[in-house]
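# Residue-level structure breakdown
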Amino acid sequence: MPRLMAAVYDRFMERSERAGLGAWRGELLAELGGRVLELGAGTGVNLAHYPAELERLILTEPDPHMLRRLVARARDLRPDTEVVGAGAERLPYPDESFDAIVTTLVLCTVGDPDAALSEAARLLRPGGRLLFVEHVASPDPSARRWQGRIEPVWRHVAGGCRLTRDPRQRMRELGFRLERCEEDRLPRSPFFVRPAIRGVALKP
Ligand SMILES: C[S@@+](CC[C@H](N)C(=O)[O-])C[C@H]1O[C@@H](n2cnc3c(N)ncnc32)[C@H](O)[C@@H]1O
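Residues numbered from 1 in each chain as written. Predicted model: local features only at pLDDT ≥ 70, side-chain atom pairs only at ≥ 80, totals over all residues. Heavy atoms only, no water.

Further remarks concern the overall build of the protein chain. A count of helical and extended segments in the protein chain gives 5 helices and 7 strands. In the protein chain, the succession of α and β elements from N to C terminus is α-β-β-α-β-β-α-β-α-α-β-β. A globule of 204 residues ought to have a C-alpha radius of gyration of about 17 Å, and the protein chain, at 16 Å, matches this closely. The dimensions of the protein chain, computed from C-alpha atoms along their principal axes, are 45 × 35 × 30 Å. When burial is assessed residue by residue, the protein chain has 51% of its 204 residues classed as buried. Sequence-distant contacts, at least 24 apart, represent 69% of the contacts inside the protein chain between residues at least 6 apart. Of the roughly 9,900 Å² of accessible surface on the protein chain, a fraction of 51% belongs to carbon and sulfur atoms. Where the 32 positive side-chain charges of the protein chain centre and where its 29 negative ones centre are 5 Å apart. (Helix = DSSP H or I, 4+ residues; strand = E, 2+ residues; numbered from the N terminus. Rg over C-alpha atoms; globule rule 2.2 N^0.38 Å. Buried < 20%, exposed > 50% of the residue type's maximum accessible area, 1.4 Å probe, protein only. Contact = heavy atoms within 4.5 Å. Areas by Shrake-Rupley, 256 points an atom, 1.4 Å probe, with all protein chains shown as cover. Lys, Arg positive; Asp, Glu negative; His and termini not counted. Charge placed at Lys NZ, Arg CZ, Asp CG, Glu CD.)

Next comes the structure, spelled out in structure tokens:
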């Protein structure tokens, strides 16, 4: 992620956050409890939405420019947070360490999303939950074709973000049960980023 992208990220997302994305985050995270791990936490926008009472909250982020902002925000908003510089594909925790794992707008960007989801499955306890908000490939074939055309350029300007992924197939392959999954539209965002899913997948 270029330094400039990290510097403008919050401002770039502000319209979408105000128009509904912030409310999605709040709804998603409100019921959390226990030991929680967030993947690719970026500048730490979710920090404002985590419930006060958590047994453990760990935020991971591999990009040094985002990480610097994340550390500062965690120190200001939630000093009990552990912040770790690491990619989602491989994390230094034993099997079944967490009650919940959070990904918001991350699986579009990780180098190997299948490996990241495998790692999430390993790290969740049985009955644990994967909570997600992700933008995905459009179900509309014409919009999906446009996403494919735009993706090579978008990747370069948006820190490696892909437009044509959909993590649900991999979640099912790993045995997750989609407890809740809404197909929605990312508020106030360009048409090619708009198709989104938000929900909860249960590890049996
Ligand atoms: C669009 S930002 C989303 C940030 C934050 N989750 C949010 O909701 O605002 C994508 C984030 O994924 C991070 N990322 C990139 N590669 C990653 C990887 N392999 N594992 C985890 N996070 C990664 C980027 O550094 C960036 O912070």
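For any pair of aromatic rings, the description rests on two quantities: the centre-to-centre distance and the angle between the ring planes. Applying the stated criterion to the full structure yields 3 aromatic pairs. Between the aromatic rings of F191 and F192, the centroid separation amounts to 5.4 Å while the plane-to-plane angle is 85 degrees, which identifies the pairing as edge-to-face. Owing to a relative accessible area of 40%, F191 belongs among the partly exposed residues under this scheme. Of the aromatic side chains, those joined through ring pairs into one cluster are W154, F191 and F192. (Phe/Tyr/Trp six-rings, centres within 6.5 Å; stacked < 30°, edge-to-face > 60°.)

A few words on the site of the ligand. Inspection of the region around the ligand gives 19 residues, with Y9, G40, E61, A88 and T104 positioned closest. Within the side chain of E89, one N or O atom sits 2.9 Å away from a nitrogen atom of the ligand. Expressed as a share of its isolated accessible area of 590 Å², the protein-covered part of the ligand is 91%. A majority-of-atoms criterion places the ligand in the largest pocket. Across the shell around the ligand, the residue classes break down as 9 nonpolar, 6 polar and 4 charged. (Near = heavy atom within 4 Å. Polar contact = N/O pair within 3.5 Å; in protein donor to acceptor, adjacent residues only side chain to side chain. 1 Å grid on protein atoms, 1.4 Å probe; cavity = no way out; pocket = protein on both sides within 12 Å on 5 of 7 lines; lining within 4 Å. Sits in = over half its atoms within 2 Å of the grid points. Nonpolar A, V, L, I, M, F, W, Y, C, P; charged D, E, K, R; others polar.)

Now for a nonpolar patch on the surface. Among the surface-exposed residues, L4, V8 and F12 lie close enough to one another that they form a single nonpolar patch of about 310 Å² accessible area. Within the fold, F12 resides in helix α1 (residues 3–29). (Patch = residues over 30% accessible without salt bridge, like charges linked within 9 Å, V, L, I, M, F, W, Y side chains within 5 Å. Salt bridge = Lys/Arg side-chain N within 4 Å of Asp/Glu carboxyl O.)

Phi is positive for E96, close to 60 degrees, though the residue is something other than glycine. In this structure, E96 sits in the loop between β3 (82–84) and β4 (98–104). Judged by relative accessible area, which is 41%, E96 ranks as partly exposed.

With that settled, consider the sheet that holds strand β1 (residues 35–39). Think of a sheet as strands paired side by side through backbone hydrogen bonds, with each pair either parallel or antiparallel. One open sheet accounts for 7 strands, arranged β3-β2-β1-β4-β5-β7-β6; its pairing is mixed. Each having just a single partner strand, β3 and β6 (177–185) make up the two edges of the open sheet. Adjacent strand axes in the sheet meet at a mean angle of 15 degrees, parallel and antiparallel pairs treated alike. Two strands pair when backbone bridges link them, and strand β2 (residues 56–60) and β3 are joined in this way by 3 bridges, in the parallel orientation. The residue bridging L59 from the neighbouring strand is V83, located in β3. (Pairing = 2+ DSSP bridges. Axes fitted to C-alpha atoms, helices over the stretch in contact; angles between N-to-C directions.)

As a further point, take the nonpolar core. The biggest cluster of nonpolar side chains holds 35 residues, and the ones touching the most others in it are L32, V36, Y50, L131 and W154. Looking at which element gives the most residues to this core, the answer is α1, with 8 residues. When neighbours within four sequence positions are excluded, V36 is seen to be in contact with Y50, L54, R56, L57, I58, F98, A100 and V102. In terms of nonpolar packing, the next biggest core, distinct from the first, is built from 25 residues, L39, V106, L107 and A201 among them. (Core = buried A, V, L, I, M, F, W, Y, C linked by side-chain atoms within 4.5 Å.)

Attention now moves to the environment of V136. Tracing the backbone shows V136 in the loop between β5 (124–135) and α4 (141–157). Overall, the relative accessible area of 2% leaves V136 in the buried class. For the pair formed by V136 and R188, sequence separation is 52 residues and the distance between their alpha carbons is 16 Å. For V136, the contacting residues outside a window of four places in its chain are Q147, L163, R165, D166, P167, P195, A196 and I197.

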